[in-house]
Amino acid sequence: MLFNSYPFILLFLPAVLAGYFWLGRRSNLAPVIWLALASFAFYAIGNWQFLALLLISIAFNYGIGHLLIVSKLAPMQRKAALAFGVIGDLVVLGIFKYAGFVTENINALADTQLAVHILLPVGISFYTFTQIAFLVDAYRGQVAAYALPHYALFVTYFPHLIAGPILHHKDMIPQFEREKAKDPDPHLMLCGVIIFAIGLFKKTCLADGIQPLVALAFEARSPSFDQAWCGVLAYTFQLYFDFSGYSDMAIGISLMFGIFLPVNFNSPYKATSIVEFWRRWHMTLSQFLRDYLYIPLGGNRRGRVLRYVNLMITMLLGGLWHGAAWTLVAWGALHGAYLCVNHAFNALVPSIPSPLVRPVRIAGSALTFLAVVIAWVFFRAESVTWALRVLQAMADPANIVFGREEIAALVLVSIYAALVWLAPNTQAIMGYDHGNRRVGEALRAGRMRPLFLYGASLVLAFGILGIQSHSEFIYFRF
């Protein structure tokens, strides 16, 4: 089921909200069970064939986690239990996500005709990573003994289940346990609706609106210089508003239930370095890769050379996490190389003279954006060969069409660029503070009414009217 669909907005969400708060008057546990069941239903409506896999995954990880938390195991037994749990998760993820990719490469190398066709369960990467983090923290002694309904809801909570953010048990389960969250809060409800409306507008009007231009670069056999740039920039902004829109909608939906989700997107194209970009783009994935992969590999504790090796490994695996394709490996490798260059520059130039700070920041922003755009070519292209063809067109100014269609595309891309760099992001508009559980304080104080509410209503109306029959979020495929 899609957030940007009439059945979800008009039927599913109102029904789940009504049941949640009605049960909240009678019990603290019943709303949690209700919300978990609703999350299973949300998943099953579009992916019923993988519901059993999701249930098994929850049972498996809860069992291993319970063993690590409650049982008095010897150190070696604890290590063995953790290894069993993590390897079990990775084997399942590997079979469903990478078996076909491995088989294709074996066929290419050994000239064999092996065939593996396995459908990818939606959301498997997100719920697998969430639970691996839980097991690692359980092994470290950083997890309390959670009840099964709370754990099941933590894994399946439908605002995040299919495309993130990657949640942390320490952040979410205490919120599920809180009694006050079961009382409807008109302020949180209003803020949730406004944030959802902004996200819906970004998805249905902005991301879907510019999507046709992407074909200029990625569906033409020989795009010209201007077509390649317009198409690649169109994809750059489509992905931006698609992911940003999903992140806003997830936060908005969750706020209606009185639950604060972590911020996952913070104007990444405003970053002045690639390091900063990764602190703003898919923030929860970056934190997961840092805490559960980069630091365990050694991080920056074993010298500069090994730090760069660890960065490359982390980003290569981050690329593979997005999908089983050489294009995504290349995308991860590029970002790994960018990060190494960025850290090397910081080491060589630890401080910048005051008069040069502003010019350097501007140059850093432009260079970072250009590097990200080039990497997106691999992220979007069907193959590495196709990506190189697009990049070749982008580097050949001798081949220019610049007809009416290209001029119109350039104007549209320019408008999107102005929105990205000049407009504030949703959390700034709404004063969303995940850490302190605050949102919309200006709205509560009456400083933003009524003009703001009229604007939000208009955005919601445009968002609903812009809904297309079936328009998935790009991150659903991961």
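A few points on the structure. (Residues numbered from 1 in each chain as written. Predicted model: local features only at pLDDT ≥ 70, side-chain atom pairs only at ≥ 80, totals over all residues. Heavy atoms only, no water.)

Digging into the packing of helix α10 (residues 225–256) against helix α15 (residues 354–380)
Spelled out, the test is: To get an axis, fit a line to the C-alpha atoms, keeping to the stretch in contact for a helix; angles then go from 0 to 180 degrees between the N-to-C directions. Numbering of helices and strands runs from the N terminus; a helix is a DSSP stretch of H or I covering at least four residues, while a strand is a stretch of E covering at least two. Geometric relationships in this document are graded by angle, where less than 35 degrees denotes roughly parallel, more than 145 denotes roughly antiparallel, 65 to 115 denotes roughly perpendicular, and other angles denote oblique. Should any heavy atoms of two residues lie within 4.5 Å, those residues are counted as being in contact. Classification convention: Asp, Glu, Lys, Arg as charged; Ala, Val, Leu, Ile, Met, Phe, Trp, Tyr, Cys, Pro as nonpolar; all other residues, Gly among them, as polar.
Between α10 and α15, the shortest axis-to-axis distance is 10 Å and the interhelical angle comes to 90°. Between α10 and α15, the angle is such that the two are roughly perpendicular. For the pair formed by α10 and α15, the contact residues are W229, V232, L233, Y235, T236, F237 and L239 on the first element and F369, L370, V373, W376, V377, F379 and R380 on the second. Here the contact of α10 with α15 is built from residues that sort into 12 nonpolar, 1 polar and 1 charged.

Focus on the pattern of salt bridges
Counted only if it meets this: For this analysis, a salt bridge means a side-chain nitrogen from Lys or Arg found within 4 Å of a carboxyl oxygen belonging to Asp or Glu. In this scheme, a residue with accessible area under 20% of its type's maximum is buried, one over 50% is exposed, and one in between is partly exposed, where area comes from a 1.4 Å probe on protein chains only.
One pass over the structure, following the stated rule, counts 9 salt bridges. Note that K203 is salt-bridged to D208, the shortest N-O span being 3.2 Å. Classification of K203 as buried rests on a relative accessible area of 1%. In this structure D208 comes out as buried when scored by relative accessible area, which is 10%.

Examining helix α17 (residues 404–422)
Formally: Each helix should span, by expectation, one fewer than its residue count multiplied by 1.5 Å. In this context, the arc is that of the directions from the helix axis out to the C-beta atoms.
In this model α17 runs 27 Å from its N-terminal to its C-terminal C-alpha over 19 residues, within 8% of the 27 Å that 1.5 Å per residue would give. For α17, every residue scored as buried is listed here: E406, A409, V413, Y416, A417 and V420. Down the axis, α17 shows its buried residues gathered within 105° of arc, on one side only. Among the exposed residues of α17, those oriented more than 90 degrees off its buried face are R404 and L422.

Some thoughts on the environment of H282
Topologically, H282 is positioned in the loop between α11 (274–280) and α12 (283–297). Put simply, H282 and N266 are 16 residues apart on the chain and 8.6 Å apart in space, counted from C-alpha to C-alpha. When sequence neighbours within four positions are dropped, the list of residues in contact with H282 reads F126, F243, N264, W321 and Y475.

Things to note about unusual backbone geometry
For H282, which is not glycine, the phi torsion reads 40° and is therefore positive. Owing to a relative accessible area of 0%, H282 belongs among the buried residues under this scheme. In this model, F402 sits at a positive phi of 50°, which is unusual for a non-glycine residue.

Focus on the packing of helix α13 (residues 304–322) against helix α14 (residues 326–348)
To keep it simple, the criterion reads: In this scheme the crossing of two helices becomes right-handed for a clockwise turn of the near helix relative to the far one and left-handed for an anticlockwise turn of less than a right angle.
Orientation of α13 relative to α14, taken along the N-to-C sense of each, is 150°, at an axis distance of 7 Å. Of the possible angle classes, the one that applies to α13 and α14 is roughly antiparallel. Between α13 and α14 lies a crossing of right-handed hand. A per-class count over the contact of α13 with α14 returns 15 nonpolar, 7 polar and 2 charged.

Re a nonpolar patch on the surface
How we decide: Nonpolar side chains (Val, Leu, Ile, Met, Phe, Trp, Tyr) within 5 Å and like charges within 9 Å form the patches, drawn only from residues with over 30% relative accessible area and no salt bridge. All accessibility values rest on the Shrake-Rupley procedure with a 1.4 Å probe; residue burial counts only the protein chains present in the view.
A surface patch of nonpolar side chains, amounting to about 570 Å² of accessible area, comprises F345, L348, V349, I352, L356, V357 and V360. With 3 residues, α15 is the largest single contributor of residues to the nonpolar patch. Mapped onto the elements, V357 comes out in helix α15. Judged by relative accessible area, V357 falls into the partly exposed class, the value being 34%.

A look at α10
The α-helix winds at 3.6 residues per turn, so residues separated by three or four positions along the chain end up facing the same way. A rise of 1.5 Å per residue sets the reference length of α10, with its 32 residues, at 46 Å; its end C-alpha atoms lie 47 Å apart and thus fit the reference within 8%. Most of α10 sits out of view: 30 of its 32 residues are buried. Residue G258 follows α10 closely and has a positive phi angle near 80°.

Things to note about the packing of aromatic side chains
Our working definition: Two aromatic rings from Phe, Tyr or Trp, using only the six-membered ring of Trp, form a pair when their centres are within 6.5 Å; if the ring planes differ by under 30 degrees the pair is stacked, by over 60 it is edge-to-face, and anything between is tilted.
Evaluated as defined, the whole model comprises 49 aromatic pairs. Their ring planes at 50° and their centres at 5.8 Å tell us that F12 and F42 sit as a pair that is tilted. With F12 in helix α1 (residues 6–24) and F42 in helix α2 (residues 30–47), this pair connects stretches of sequence that are 30 residues apart. By relative accessible area, which is 11% here, F12 ends up buried. Ring plane angle 70° and centroid distance 6.0 Å describe the contact between F218 and Y235, whose orientation is recorded as edge-to-face. With F218 in helix α9 (residues 215–218) and Y235 in helix α10, this pair connects stretches of sequence that are 17 residues apart. Under the relative-accessibility criterion, F218 is labelled buried at 5%.

Describing the nonpolar core
Stated formally: Here the nonpolar core consists of buried residues drawn from Ala, Val, Leu, Ile, Met, Phe, Trp, Tyr and Cys, with membership extended through side-chain atoms lying within 4.5 Å.
Among the nonpolar cores identified, the biggest contains 153 residues, and F8 and F257 are the most heavily contacted of them. Considering each element in turn, this core owes the most residues, 18 residues, to α10. When residues no more than four places from it in sequence are discounted, the contact partners of F8 are M1, L2, F3, L13, P14, F42, F158, F196 and I253.

Notes on the environment of V401
Considering the arrangement of structural elements, one finds V401 in the loop between α16 (384–394) and α17. Linking V401 and S224, residues 177 residues apart in sequence, is a C-alpha distance of 6.4 Å. Those residues in contact with V401 that sit more than four places away from it in its chain are S224, D226, Q227 and E406.

Looking at the environment of F42
On the accessibility criterion, F42 (1% relative accessible area) is buried. Considering only alpha carbons, one finds F42 and F243, 201 residues apart in sequence, at a separation of 20 Å. Ignoring anything within four residues of it in the chain, the contact list for F42 reads M1, F3, F8, F12, F158 and I162.

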